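# Descriptive analysis of the structure
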Amino acid sequence: PENGALKLARTYTKADGLPENSFYYALKQTADGRIFVGMHDGLCEFLPAAREGEPRFRILGTDKVTSLEEDAGGNLWLGTELK
């Protein structure tokens, strides 16, 4: 893209395993290359090795996840909202 502009490479939807109409708060790629998405409807992990027709995301929890961080030991920390 010209002038350093970002270019949309791919859009993921409910067909890829993401919840429908959710708000996304956080995105984190860990040191081992895994990608996690924190959202209003929970936590998802991106599955790059999914075969054609299989979901590209796996839902790991359904509580609101507002932030993600990894510590030096490779542990993923989640920021959540108290209910």
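Another aspect to go through is the overall build of the chain. A tally of helices and strands in the chain yields 0 helices and 6 strands. By its C-alpha atoms, the chain is 40 × 30 × 25 Å across when sized along the principal axes. Scored against the burial criterion, the 83 residues of the chain give a buried share of 29%. Look at the contacts in the chain between residues 6 or more apart in sequence, and 30% of them connect residues 24 or more apart.

As a further point, take the environment of Leu27. Along the polypeptide, Leu27 turns up in strand E1 (residues 24–29). Separated by 42 residues in sequence, Leu27 and Glu69 place their C-alpha atoms 9.3 Å apart.

As a further point, take the pairing of E1. For a regular strand, side chains alternate in direction, first toward one face of the sheet and then toward the other. Note that E1 and strand E2 (residues 35–39) share 5 bridges and pair antiparallel. From the neighbouring strand, Tyr24 faces E2, where its bridge partner is Met39. Where E1 hands over to E2, the hairpin turn is made up of 5 residues, of which Gly33 adopts a positive phi near 95°.

This part covers the packing of aromatic side chains. Tallying each qualifying case throughout the model produces 4 aromatic pairs. Plain terms: the ring middles of Tyr12 and Phe57 are 5.3 Å apart, the flat faces sit at 80° to each other, and that makes the pair edge-to-face. Residue Tyr12 is located in the segment before E1, and its partner Phe57 is located in strand E4 (residues 57–61); the two are separated by 45 residues in the primary sequence. Ring plane angle 65° and centroid distance 4.8 Å describe the contact between Phe23 and Tyr25, whose orientation is recorded as edge-to-face. Overall, the relative accessible area of 33% leaves Tyr25 in the partly exposed class.

Quick look at the confidence of the model for the chain now. Of the residues in the chain, 96% have a pLDDT of 70 or more, and the chain-wide mean is 91. Within the chain, strand E5 (residues 65–70) carries the highest mean pLDDT (96), whereas E4 carries the lowest (93).

What follows is about the sheet that holds E1. The sheet built from 4 strands is open, its strands ordered E1-E2-E3-E4 with antiparallel pairing. Looking at strand neighbours, the two that pair on one side only are E1 and E4, the edges of this open sheet. For this sheet, the mean inter-axis angle between neighbouring strands, taken without regard to orientation, is 25°.

This next bit is on the pattern of salt bridges. Under the defined criterion, the tally for this structure stands at 6 salt bridges. Taking the shortest distance from any N to any O, the salt bridge between Glu69 and Lys28 comes out at 3.2 Å. Of this pair, Glu69 sits in strand E5 while Lys28 sits in strand E1, and the two are 41 residues apart along the sequence. Across the salt bridge formed by Arg58 and Glu45, the nearest N and O atoms sit 2.4 Å from each other. One end of the pair, Arg58, is in strand E4; the other, Glu45, is in strand E3 (residues 42–46), and 13 residues separate them in sequence. In this structure Glu45 comes out as buried when scored by relative accessible area, which is 6%. Connected through salt bridges with shared partners, the residues Arg34, Glu45 and Arg58 form a single ionic network.

Criteria and thresholds
Residues numbered from 1 in each chain as written. Predicted model: local features only at pLDDT ≥ 70, side-chain atom pairs only at ≥ 80, totals over all residues. Heavy atoms only, no water. Helix = DSSP H or I, 4+ residues; strand = E, 2+ residues; numbered from the N terminus. Buried < 20%, exposed > 50% of the residue type's maximum accessible area, 1.4 Å probe, protein only. Contact = heavy atoms within 4.5 Å. Pairing = 2+ DSSP bridges. Phe/Tyr/Trp six-rings, centres within 6.5 Å; stacked < 30°, edge-to-face > 60°. pLDDT = per-residue confidence, 0-100. Axes fitted to C-alpha atoms, helices over the stretch in contact; angles between N-to-C directions. Salt bridge = Lys/Arg side-chain N within 4 Å of Asp/Glu carboxyl O.

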